[in-house]
Amino acid sequence: MVNDMKLKYPIYLVIGLSLLTSEGCIHPSQVVVSPHKLNVKYKFVTDGRQRTHKYRKFPRVHSGDITVQYCSRHKQWETISATWTKHGVLRFNVTRHRRDNRW
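Residues numbered from 1 in each chain as written. Predicted model: local features only at pLDDT ≥ 70, side-chain atom pairs only at ≥ 80, totals over all residues. Heavy atoms only, no water.

1. Remarks on the side chain of H97
For clarity, the threshold we go by: Labels follow the DSSP assignment, with helices taken as runs of H or I lasting at least four residues and strands as runs of E lasting at least two, numbered in each case from the N terminus. Only protein chains enter the accessibility calculation, which uses a 1.4 Å probe. A residue is then buried if its area is under 20% of the maximum for its type, exposed if over 50%, and partly exposed in between. Contacts are assigned to residue pairs that have any heavy atoms within 4.5 Å of one another.
You can see H97 is positioned in the segment after β5 (90-96). Using a relative accessible area of 18% as the deciding quantity, one classes H97 as buried. Discounting chain neighbours no more than four positions away, the residues touching H97 are V68, W77, E78 and T79.

Next comes the structure, spelled out in structure tokens:
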């Protein structure tokens with residue numbers, strides 16, 4: 001019976017070590033990290049109330065156009081409209097979108 005116990009431990013040791021090496025516990029798998037940063041560019045818009053809004057995408061908005069964009073600064077959907085002033089300046093009017101379900 002003692003000889004049986006001596007034989008079982010080396011077998012379990014071999015099986016255990018083979019499982020550990022195949023699963024990656026002794027030699028963990030390599031993780032490749034890209035050295036490149038993500039290029040996320042934001043567009044900043046200041047409205048008539050001098051509040052700054054931050055958008056990831058901002059399409060060309062001309063006088064009379066209306067677009068809906070997500071503001072990263074206020075974390076809500078906003079409606080953006082543009083009008084020309086009599087001095088030739090394009091002014092943006094930014095309001096919260098009516099379908100935004102923020103409480």
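Additional details are given in the paragraphs that follow.
2. Points about the packing of aromatic side chains
What counts is decided by this rule: Here a pair means two rings of Phe, Tyr or Trp (six-membered ring of Trp) with centres within 6.5 Å. Their orientation is stacked below 30 degrees between planes, edge-to-face above 60, and tilted elsewhere. As a reminder, the over-ring test applies to NZ of lysine and CZ of arginine, requiring each to be within 6 Å of the ring centre and within 35 degrees of the ring normal.
Under the counting rule described, the total for this entry stands at three aromatic pairs. Here the aromatic rings of Y55 and F58 are separated by 5.8 Å at their centres, their planes lie at 25°, and the arrangement is stacked. Residue classification places F58 among the partly exposed residues on the basis of a relative accessible area of 23%. For the ring pair Y70 and W77, a centre distance of 5.4 Å and an interplane angle of 65° mean the geometry is edge-to-face. Note on Y70: relative accessible area 35%, which makes it partly exposed. Residue W77 is classed as partly exposed on the basis of its relative accessible area of 41%. Site record: aromatic cluster; members linked through ring pairs are Y55, F58 and F92. Its guanidinium or amino end placed over the ring of Y42, K54 lies 4.3 Å from that ring's centre, counting from NZ or CZ.

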